[in-house]
Each structure stands twice: as structure tokens, then as C-alpha cells.
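# Topology and contacts: notes
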Amino acid sequence: MKTAIASAHDTPSAADLQLLLALARGGTLALAAQRLNADTSTVFRSLQRIEKQLGQRLFERTRRGYLPVEATIALAAHAERIESELEAARAVIRPADAAVSGRVRLTTTDSVLRGLVLPSLPVLARAHPALQLELLAGNELASLTRRDADLALRATPKPPEHLVGRHLGTIRFVACAGKALPATRRRRPFAQQDWIAPDDAMPDHPTVRWRRKQLPRVTPRHLVDSISSVIDALRAGLGVGAVPLFMLASEPDLVPLGEPLEGCSSELWLLAHPESRHLRRIAAAYAHFAGSLRLP
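I will try to describe carefully the structure that is included in this document. (Residues numbered from 1 in each chain as written. Predicted model: local features only at pLDDT ≥ 70, side-chain atom pairs only at ≥ 80, totals over all residues. Heavy atoms only, no water.)

### Focus: the overall build of the chain
Let me state the cut-off plainly: Runs of E in the DSSP output that reach at least two residues are strands. Runs of H or I that reach at least four are helices, and both are numbered from the N terminus. A contact between two residues is defined here by any heavy atoms of the two lying within 4.5 Å. Each accessible area is a Shrake-Rupley estimate made with a 1.4 Å probe; only the visible protein chains count as cover when residues are assessed.
Helix and strand counts for the chain come out as nine helices and eleven strands. Sequence separation of at least 24 residues holds for 74% of the intrachain contacts in the chain that already meet a minimum separation of 6. When the accessible surface of the chain is totalled, it reaches about 16000 Å², and 53% of it is carbon and sulfur.

Written out as C-alpha cells, the structure is:
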């Protein structure tokens, strides 16, 4: 007669849970190995051992990588709580006046990084010299849920409900040209300008939606893959484009072609995972960004 109680041998260890969590977050053996500071063959053999020990497959092998099954998602959630509690426990035994240290991973867009985050970092570095920041910028934001990042600065009208955060303000956009573009060209009507835009890479971006609605007959002359690339092309004198209003403070070579665009905006949110928000290193970075980032 089989017993319903698993033996200790059949129960995953803390190290096993850590490996399953790393693979669930990374999605590939290589990324899991990187998170664990191990090699891919060790991760592969360990996963085979755990699955054999538990008598079930924990990941679906697909062309996109390793996808956790329902049971693994539940195990990973427990592993995340253990991870957070361990870090909180370490914080308890540190002296109250100990320097804030460790790594904080921030995910955001290239324009927010360039126009808001980077100018604010010298103050954070002076306040917490032992704190290390990993800055992840791109159109696709790293996941807080999978703990690919600790904090996110997202431009979104409504952030995910499972995250905690603070609304930092409204991002407004303005049509600009670079000083390299002759003044006579800048004075042309928008419909007669050579537009620079991220239509293919970012089809849902507020500036793309605005131009398609307001200037439906205009086809961009230059297509780029980010707002930072729009700015670089503007500085080169290639035409006009719409950029966040906050970028003007750090880009003196840009010339606004009027007031902020009507009906073209987004909301900036600072977000964190509720289970890690209280950790000292993350709380310090969160407080800094919440208090220092200002939108015009």
C-alpha cells in the first residue's frame, strides 16, 4: 500500500527550489546558469535529477525555451517568498547604520533612462556609494513578476494590479527638429515635413498613434527602433519627430516646433514587486526615484 506522504528524499531542497526559480525566470538553461553562477550542463543534470526524484516533468521544452508547468509555477512562488524572507533576515542582522549595499535592477525605456534616470544618478551615488545599479533599457521591459528586475519605470495608463507603485506624472510629447535642420525647413507645416518615427518597432507608442490620427497621409521618411534613435536622427538634421517633453532639458540641440501635442500623452509609474519592495536596497532606490524624478 502506497503512502500519500512523500519522503524527505522526494521533497525538493532549498537549492532545488532556487534552481527551479532561476529556470522559471530565465526560460533557458543558459540564463538560469547565469543567475546561479553555474554552467548549463550542471543546471540540465540537476533539473533531470529533480524531475526524476519528483516523478513528474516540471518544464515543457519548447522552441522558446523552458516553460514551467502549473506545479512549477506554484513551487517558484514559494521559492520567491523564501528568497525575500532570507534577504529580509540578512537585513535584520546588519547594523542600523550600515551602508545600503547590493544590486538593484531597474527596467525602463530608453528615453526615460536618457532623460530622467541618468541625470538623477549622481545624487543617488553620493547618498549610497555601496549601492550598485543595473540599468535595463529597451522597448520590451523586463518582468518584475519573474524578478528579472527589482524596479520598473513604465509609461502606461494603467499598471498591473499585482505590483505596487507610485504615479510620477504625465508624460507629454512635443514635435521637434534639430538645430542642424535649416530654419526654413522647420517652418514648414507638419504635413510637409520629413518625419522620423518608430512605427514598425513601436506601433502603439503615443506619438505613432497621434501622427496616424492627425496626419493620416504622412508616411515617415525615416523609420527607427526607439525614441532615442528619433532624437539622434533629429540632431543629425534628418527631419522632424515627436519626443517626450522632458527630453528638451538634456538635449539642447533640439528645437520644439510648438506647444505639447494635444491628445498625445502617457503616464509614468514607478513600480515594484510587493514582496521585495521593503528590502533595504530596493527601498532606497525606490525612495530616490520617487522623490527626484519630475516631469514638466
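### Some thoughts on the packing of aromatic side chains
Quick reminder of the rule: Under the pairing criterion, centres of Phe, Tyr and Trp rings, with the six-membered ring standing for Trp, must be within 6.5 Å; the plane angle then separates stacked pairs below 30 degrees from edge-to-face pairs above 60, leaving the rest tilted. With a 1.4 Å probe rolled over the protein chains alone, any residue whose accessible area is under 20% of its type maximum counts as buried; one over 50% counts as exposed, and the rest are partly exposed.
Counting across every chain of the model gives four aromatic pairs. Here the aromatic rings of Phe59 and Tyr66 are separated by 6.3 Å at their centres, their planes lie at 65°, and the arrangement is edge-to-face. Just as Phe59 is buried, Tyr66 falls in that class too. Between the aromatic rings of Trp195 and Trp210, the centroid separation amounts to 6.3 Å while the plane-to-plane angle is 45°, which identifies the pairing as tilted. You can see Trp195 sitting in the loop between α6 (183-186) and β7 (196-197) and its partner Trp210 sitting in helix α7 (residues 206-214), a full 15 residues away along the chain. Judged by relative accessible area, which is 10%, Trp210 ranks as buried.

### Some details on helix α5 (residues 110-127)
The criterion, for reference: A helix is expected to reach a length of 1.5 Å times the quantity of its residues less one. Throughout, the bend at a residue refers to the angle made by two axes, fitted to the seven residues ending there and to the seven starting there.
For α5, which comprises 18 residues, the first-to-last C-alpha distance of 25 Å matches the rise-based estimate of 26 Å (1.5 Å per residue) to within 8%. The sharpest bend along α5 measures roughly 45° and falls at Val117, with the proline Pro119 sitting one to four residues further on. Looking at α5, one finds that the buried residues are Asp110, Ser111, Val112, Leu113, Gly115, Leu116, Val117, Ser120, Leu121 and Leu124.

### Description of the environment of Ser292
Relative to the assigned elements, Ser292 resides in helix α9 (residues 280-292). Residue Ser292 is classed as partly exposed on the basis of its relative accessible area, which comes to 31%. Spatially, the C-alpha atoms of Ser292 and Leu121 are 9.6 Å apart, while their sequence positions differ by 171 residues.

### Some thoughts on the environment of Pro160
By the element assignment, Pro160 lies in the loop between β5 (151-155) and β6 (164-178). Residue classification places Pro160 among the partly exposed positions, given a relative accessible area of 29%. Beyond its immediate sequence surroundings of up to four residues, Pro160 is in contact with Arg154 and Leu271.

### Overview of the environment of Pro157
Of note, Pro157 is situated in the loop between β5 and β6. Expressed as a C-alpha distance, the spacing of Pro157 and Thr170, which sit 13 residues apart in the sequence, is 9.3 Å. Residues in contact with Pro157, not counting those within four places in the same chain, are Glu267 and Trp269.

### Some details on the packing of helix α2 (residues 29-36) against helix α3 (residues 40-54)
Formally: Structural elements are reduced to axes, namely lines fitted to C-alpha atoms, with helices fitted over the stretch in contact, and the angle between N-to-C directions of any two is expressed from 0 to 180 degrees. Every angle not falling under 35 degrees, over 145, or within 65 to 115 is termed oblique; those three ranges are roughly parallel, roughly antiparallel and roughly perpendicular. Classes in brief: Ala, Val, Leu, Ile, Met, Phe, Trp, Tyr, Cys and Pro nonpolar; Asp, Glu, Lys and Arg charged; the others, Gly included, polar.
The geometry of α2 relative to α3 is characterised by a closest axis approach of 8 Å and an angle of 100° between their N-to-C directions. Classed by the angle they form, the pair α2 and α3 counts as roughly perpendicular. Taken together, the residues of α3 that come into contact with α2 (itself represented by Leu29, Ala30, Ala32, Ala33 and Leu36) are Thr40, Val43 and Phe44. Within the contact of α2 with α3, the residues separate by chemical class into seven nonpolar, one polar and no charged.

### Some remarks on the pairing of β6
In plain terms, the rule: Any two strands with at least two DSSP-identified bridges between them are counted as paired.
Relative to strand β11 (residues 265-272), β6 runs antiparallel, the two sharing eight bridges. Bridge pairing in β11 places Arg172 opposite Ser265. Judged from the three bridges that link them, β6 and strand β10 (residues 254-256) form a sheet pairing that is antiparallel. Paired with Ala177 across the strands is Val255, a residue of β10.

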